[in-house]
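Structural overview for review
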Amino acid sequence: MGLKSAYYLILLAAIWGASFLFMRIGAPSLGGVWLIEGRVGFAALFLFFVVLFLKKQINLKENGKHYAVIGILSAAIPFLCYGYAAQYLTASLMSVVNALTPIFGTAISALYFRTSLEAGKVIGLFLGLLGVAVIVGLDPELLEGNNLFAVLVVLCAPICYGIVSTYTQTAKKVDPIANAYGSMFMATLFITPLLFFIPPNSVADIDWVVMASVLTLGIICTGVAFLIFYKLLNDIGMPSTLTVTFLIPIFGVLWGVIFLDEIVGWHTLIGAILVIAGTIKTTGFTLRTVIKPTN
């Protein structure tokens with residue numbers, strides 16, 4: 001990874017870290033389904049104009065199945081998980097759980113390709129799960145009813161990301177911008193039928209702050225973020241791109257504390273350290289092997 005890619009990686013982490021903040025603002029009134037439909041819908045609309053402006057070829061007929069897999073596994077399902085959980089959990093906690101993505105990705109990839117996990121990766125997997133257990137087990141409020149269920153739901157998001165990261169290792173190469181638009185378009189189609197069965201939580205509480213959060217969530221935290229993500233994916237590959245998950249909890253916690261007045265307990269900090277340590281151990285990440293100066 002060159003220094004330019006490292007810059008984009010940090011920018012992406014800051015943007016995706018902010019997504020948990022905006023979901024926390026919008027979820028109480030909109031609910032998970034309407035919030036996420038707005039997120040992927042505005043993202044798809046933004047990316048549609050990007051595609052038109054750059055005159056990119058989408059080839060929906062040829063790449064439709066690919067877009068559907070990416071859209072459902074990297075956006076629709078995990079976003080719905082976070083949208084539901086945002087009604088009960090803090091932005092800090094959700095951003096920490098998101099850091100499990102490379103851990104689940106490594107485990108799922110090993111199962112799919114039938115390769116054995118090295119001892120270090122097994123230790124990393126254990127550390128990551130232990131980190132979540134520390135956060136949840138030492139916070140009595142998270143062990144109650146909807147909160148505990150929300151924790152279980154939010155764990156499904158990094159599992160989905162792990163599955164799609166394995167899929168991309170064998171998937172055909174598609175233009176990054178076409179990939180971003182195609183996946184958001186398919187995610188929007190996937191979620192739309194749910195709107196007829198699940199209404200918003202409280203229409204009366206939907207104000208300009210909520211709408212601004214949804215717009216920012218869709219255009220910046222999804223549309224722009226996925227353009228950066230797929231560019232990094234093409235430039236440095238999936239393993240290096242997934243190192244963004246080391247940084248997302250830092251920004252997720254930071255934005256939550258600054259803008260939502262979230263209180264981060266010592267158990268959350270210890271759990272976050274364990275999760276990030278597990279991720280580093282699982283991926284074998286080192287600055288020396290990932291970042292190098294460019295001419």
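Residues numbered from 1 in each chain as written. Predicted model: local features only at pLDDT ≥ 70, side-chain atom pairs only at ≥ 80, totals over all residues. Heavy atoms only, no water.

To keep things clear, this is the line we draw: UniProt positions are given in the numbering used here, feature names are shortened, and annotations may be inferred rather than shown by experiment.
Naming follows an unreviewed UniProt entry, where the protein chain appears as DMT family transporter of Marinomonas colpomeniae. In its Subcellular location (unreviewed entry) section, the UniProt record describing the protein chain reads: "Membrane".

Here we look at the overall build of the protein chain
Quick note on the threshold: A helix here means a DSSP run of H or I that spans at least four residues, while a strand means a run of E at least two residues long, and both kinds are numbered starting from the N terminus. Relative accessibility thresholds used throughout: buried, under 20% of the residue-type maximum; exposed, over 50%; partly exposed, between the two (1.4 Å probe, protein chains only). Residues are treated as being in contact if the distance between any of their heavy atoms lies within 4.5 Å. Under the convention used here, a 1.4 Å probe and the Shrake-Rupley method define accessible areas, while residue burial counts only the protein chains that appear. The positive count covers Lys and Arg only, the negative count covers Asp and Glu only, and His and the chain ends enter neither. Where a charge lies is defined by one atom per residue type: Lys uses NZ, Arg uses CZ, Asp uses CG and Glu uses CD.
Scanning the protein chain from terminus to terminus reveals 11 helices and zero strands. Residue burial in the protein chain is summarised as follows: out of 295 residues, 53% are buried. Sequence-distant contacts in the protein chain: of pairs separated by 6 or more residues, those separated by 24 or more amount to 90%. Looking at the protein chain as shown, the accessible area adds up to about 13900 Å², and 70% of this sits on carbon and sulfur atoms. Counting 15 positive and 12 negative side-chain charges, the protein chain places the centres of these two groups 20 Å from one another.

Regarding the state of the cysteines
Which entries qualify depends on this criterion: Throughout, a disulfide means two cysteine sulfur atoms within 2.5 Å of one another.
Inspection of every chain in the model, using the stated rule, returns zero disulfides. Cysteine Cys156 remains unbridged, with the sulfur of Cys81 as its closest cysteine sulfur at 4.9 Å. Of all cysteine sulfurs in the structure, the one in Cys81 sits closest to Cys221, which takes part in no disulfide; the separation is 18 Å.

Regarding the packing of helix α4 (residues 101-113) against helix α6 (residues 145-168)
As a reminder, the rule being used: Axis geometry follows a simple rule: fit a line to the C-alpha atoms, using only the stretch in contact for helices, then measure angles between N-to-C directions, giving values from 0 to 180 degrees. Geometric relationships in this document are graded by angle, where less than 35 degrees denotes roughly parallel, more than 145 denotes roughly antiparallel, 65 to 115 denotes roughly perpendicular, and other angles denote oblique. The sense of a crossing depends on the near helix, which, turned anticlockwise from the far helix by less than a right angle, makes the crossing left-handed and, turned clockwise, makes it right-handed. For this classification, Asp, Glu, Lys and Arg are treated as charged, while Ala, Val, Leu, Ile, Met, Phe, Trp, Tyr, Cys and Pro are nonpolar and the rest, including Gly, are polar.
Put simply, α4 and α6 touch, their axes get as near as 8 Å, and they point 50 degrees apart. Our classification of the angle between α4 and α6 gives oblique. Our pair here, α4 against α6, has a crossing hand that is right-handed. The residues of α6 that touch α4, namely those facing Thr101, Phe104, Gly105, Ile108, Ser109, Tyr112 and Phe113, are Leu155, Pro158, Ile159, Tyr161, Gly162, Ile163, Ser165 and Thr166. Its residues assigned to classes, the contact of α4 with α6 shows nine nonpolar, six polar and no charged.

A word on helix α2 (residues 60-85)
For clarity, the cut-off: Expected helix span is computed as 1.5 Å times (number of residues minus one). To obtain the bend at a residue, axes are fitted to the seven residues ending there and to the seven starting there, and the angle between these axes is taken.
In this model, α2 (26 residues) spans only 32 Å end to end at C-alpha, well below the 38 Å of a helix rising 1.5 Å per residue. The sharpest bend along α2 comes to roughly 45 degrees, located at Ile72.

A short note on the packing of helix α1 (residues 3-54) against helix α9 (residues 244-260)
The N-to-C vectors of α1 and α9 enclose an angle of 45 degrees; their axes lie 7 Å apart at closest approach. Between α1 and α9, the angle falls in the class oblique. Crossing geometry of α1 relative to α9 is assigned as right-handed. Only Val244, Leu247, Ile248, Phe251, Gly252, Trp255, Phe259 and Leu260 of α9 make contact with α1, whose side of the interface consists of Leu9, Ile10, Leu12, Ala13, Ala14, Trp16, Gly17, Ala18, Phe20, Leu21, Arg24 and Ile25. Residue composition of the contact of α1 with α9, by class: 17 nonpolar, two polar and one charged.

Here we look at the packing of aromatic side chains
Our working definition: A pair of Phe, Tyr and Trp rings is counted when the ring centres sit within 6.5 Å of each other, with Trp represented by its six-membered ring. The angle between the planes then sorts it: under 30 degrees is stacked, over 60 is edge-to-face, the rest tilted.
Counting across every chain of the model gives 14 aromatic pairs. A centroid spacing of 6.1 Å and a plane angle of 45 degrees characterise the contact between Phe48 and Tyr181, whose relative ring orientation is tilted. Taken together, the residues Phe48 in helix α1 and Tyr181 in helix α7 (residues 176-191) connect sequence positions 133 residues apart. By relative accessible area, which is 33% here, Phe48 ends up partly exposed. On the basis of relative accessibility, which here comes to 13%, the residue Tyr181 falls in the buried class. Put simply, the rings of Trp16, Phe79, Phe226 and Phe229 pair up and form one aromatic cluster.

Regarding the side chain of Ser183
Going by this rule: We call two N or O atoms a polar contact when they sit within 3.5 Å, provided that within protein one can donate a hydrogen and the other can accept it, with sequence-adjacent residues counted only if both atoms are side-chain atoms.
With respect to the helices, strands and loops of the structure, Ser183 is situated in helix α7. Taking relative accessible area as the criterion, Ser183 reaches 0% and is therefore assigned buried. Within the structure, the side chain of Ser183 is placed 2.9 Å from the backbone oxygen of Ala180, a separation counted as a polar contact. Other than its neighbours up to four places away in sequence, Ser183 contacts Tyr67, Ile70, Gly71, Phe226 and Tyr230.

Things to note about unusual backbone geometry
Look at Asn59: it is not a glycine, yet its phi comes out positive at around 50 degrees. Mapped onto the elements of the fold, Asn59 is located in the loop between α1 and α2. Judged by its relative accessible area of 39%, Asn59 is partly exposed.

Concerning the environment of Gly137
Relative to the elements of secondary structure, Gly137 occurs in helix α5 (residues 119-137). Considered as a pair, Gly137 and Gly41 are 96 residues apart in the sequence and their alpha carbons are 36 Å apart.

Observations concerning the pattern of salt bridges
Condition: For salt bridges, the criterion is a side-chain nitrogen of Lys or Arg within 4 Å of an Asp or Glu carboxyl oxygen.
Evaluated as defined, the whole model comprises two salt bridges. The shortest N-O distance in the salt bridge between Asp175 and Lys56 comes to 3.2 Å. Of the two residues, Asp175 is situated in the loop between α6 and α7 and Lys56 in the loop between α1 and α2; the sequence distance between them amounts to 119 residues. By relative accessible area, Asp175 is classed as partly exposed at 29%.

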